[in-house]
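Spelled out, the chains give:
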Amino acid sequence: MNKRLASIPLLFVAVCVSHAAGQGNRWGNGGAVVVAKNAVTTELNSFPIQGITMAPFIQMGYQGNGLKSLLQRATITGANYVVLSNSSRIDLGTGTISDVYSNNGTSYNATARFADIGPSIVAAQAAGLRVALKPQIVYHNADGMPNPSFTIRDPVQFFANYKAYLLQWAQLAEQHNVQILCIGNEMNYATRQIYTPYWNDIIGSIRQIYKGKLTYSPLTPQYVGDPVNEVTQIQFWNKLDYGGLEPYGFFAVPDNPTVTMLNNAWTQAASGQSQSYYQLLSQLATFIGKPIIFSETGSPSVTGGARFGPNTGAAEGAPSNFNEQANWYRSFFETWALTPPAWLAGVFFWNNNPDPAQMTGPGPYLTNFNINGKPAEAIVSTWFSGKTFP
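As the structure is a prediction and not an experimental result, all values here were calculated from the model.

## Concerning the packing of helix H5 (residues 259-267) against helix H6 (residues 277-288)
Across the interface, H5 lies against H6 with an axial gap of 4 Å and an inter-helix angle of 40°. The angle between H5 and H6 places the two elements in the oblique class. Counting all contacts with H5, which are made through Ala265, Trp266 and Thr267, the residues of H6 involved are Tyr277, Tyr278 and Leu281. Tallied by class, the residues present in the contact of H5 with H6 amount to 5 nonpolar, 1 polar and no charged.

Quick look at the structure:
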């Protein structure tokens, strides 16, 4: 996920595997749901793509019962996608890509084993879910230390190794009848115009072996005027099938904001701004010119979570607040699902971590992005399926 103010930048690559219940087809359709809201029956246009990320950051993250439990819960909520993930690291000096199971003695970038991804896909498909695979790449210098500047020392070697890495995932995606492959995420230093020929080559090579749809997930402005905007520097959108945006939002709201306050933060221009965050995202979608997936979005269950956006470092130490997280989700759906813009194809919520230490309290669960067992999960279920979560 986007941790722009943290010290370790991440690159995410997403792959989505289609598995319609009872069918082996690559494609599927969303539909309208009818929910009772304030005693009034309202027909909602559900998203064709309704996903929940399940990214662990421990080596055995996809072993045991944690993932199975979350897959069952996702099915009950009405999700039709689950996002699975592991991590690799690339040496910016040599371009060598290798597994990451620890990072200088910490567990921050510890990762699920690649060998566990295939069985996890099968488990998700057996549960009737389509799957998004999100292998993550962490940039490192030769000494093993994270490189926060994304400086690519040898572009030829870097992109050659990255291409070979992606082709492995493309082969896996084709083997499992994958629906969507995201060829990169938050690579703002690698998607500058000077590198466009490398991306064109990667895209062409992937399409030779993979028959599904392609997308990319860029660093997205989190407020109007945000100087971080990878979207408009990318010159290969026309070669992809979907665009991606990551709208967490740095909202100027107080602690414990009401749903109305959050709705206004999405849709009304802040003081001194000429447009709303909703309008900015719409402009970016128009620039991309493709159907858009919100490839990451969500809110941690902490006081002030709606202000922190993706900056998890700022959320550290904040008190647990399930109600604020729930209000964020209510606002998200009221803003984007009551009358979805024509360009919005769906969403992947971040992040139901299947690590048992992250799945239940006390501990990190009380303040992380997980929605399982929290009020936000019931809200997602209502809007994804029209049913109240048991």
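## Considering the environment of Gly204
Relative to the elements of secondary structure, Gly204 occurs in helix H4 (residues 196-209). For Gly204, a relative accessible area of 32% corresponds to the partly exposed category. Along the backbone, Gly204 and Lys239 are 35 residues apart, and their C-alpha atoms lie at a distance of 8.9 Å.

## Brief notes about the side chain of Ser120
Structurally, Ser120 can be placed in helix H2 (residues 117-126). Relative accessible area serves as the criterion here: at 3%, Ser120 is assigned to the buried category. When sequence neighbours within four positions are dropped, the list of residues in contact with Ser120 reads Tyr62, Leu67 and Leu84.

## Looking at the packing of aromatic side chains
Going through the model one piece at a time under the given rule, you end up with 41 aromatic pairs. Relative to Trp169, the ring of Phe114 lies with its centre 4.8 Å away and its plane at 85°, an arrangement referred to as edge-to-face. Of this pair, Phe114 sits in the loop between strand S7 (97-99) and H2 while Trp169 sits in helix H3 (residues 155-175), and the two are 55 residues apart along the sequence. Residues Trp199 and Tyr216 carry aromatic rings whose centres are separated by 5.8 Å and whose planes lie at 80° to one another, so their mutual orientation is edge-to-face. Residue Trp199 is found in helix H4, and its partner Tyr216 is found in strand S10 (residues 213-217); the two are separated by 17 residues along the sequence. For the pair shown, Trp199 and Tyr216 are each scored as buried. Stacked on the ring of Tyr365, the Lys or Arg Lys374 has its end atom at 4.6 Å from the ring centre.

Rules used throughout
- Residues numbered from 1 in each chain as written.
- Predicted model: local features only at pLDDT ≥ 70, side-chain atom pairs only at ≥ 80, totals over all residues.
- Heavy atoms only, no water.
- Axes fitted to C-alpha atoms, helices over the stretch in contact; angles between N-to-C directions.
- Helix = DSSP H or I, 4+ residues; strand = E, 2+ residues; numbered from the N terminus.
- Parallel < 35°, antiparallel > 145°, perpendicular 65-115°, else oblique.
- Contact = heavy atoms within 4.5 Å.
- Nonpolar A, V, L, I, M, F, W, Y, C, P; charged D, E, K, R; others polar.
- Buried < 20%, exposed > 50% of the residue type's maximum accessible area, 1.4 Å probe, protein only.
- Phe/Tyr/Trp six-rings, centres within 6.5 Å; stacked < 30°, edge-to-face > 60°.
- Lys NZ or Arg CZ within 6 Å of the ring centre and 35° of its normal.

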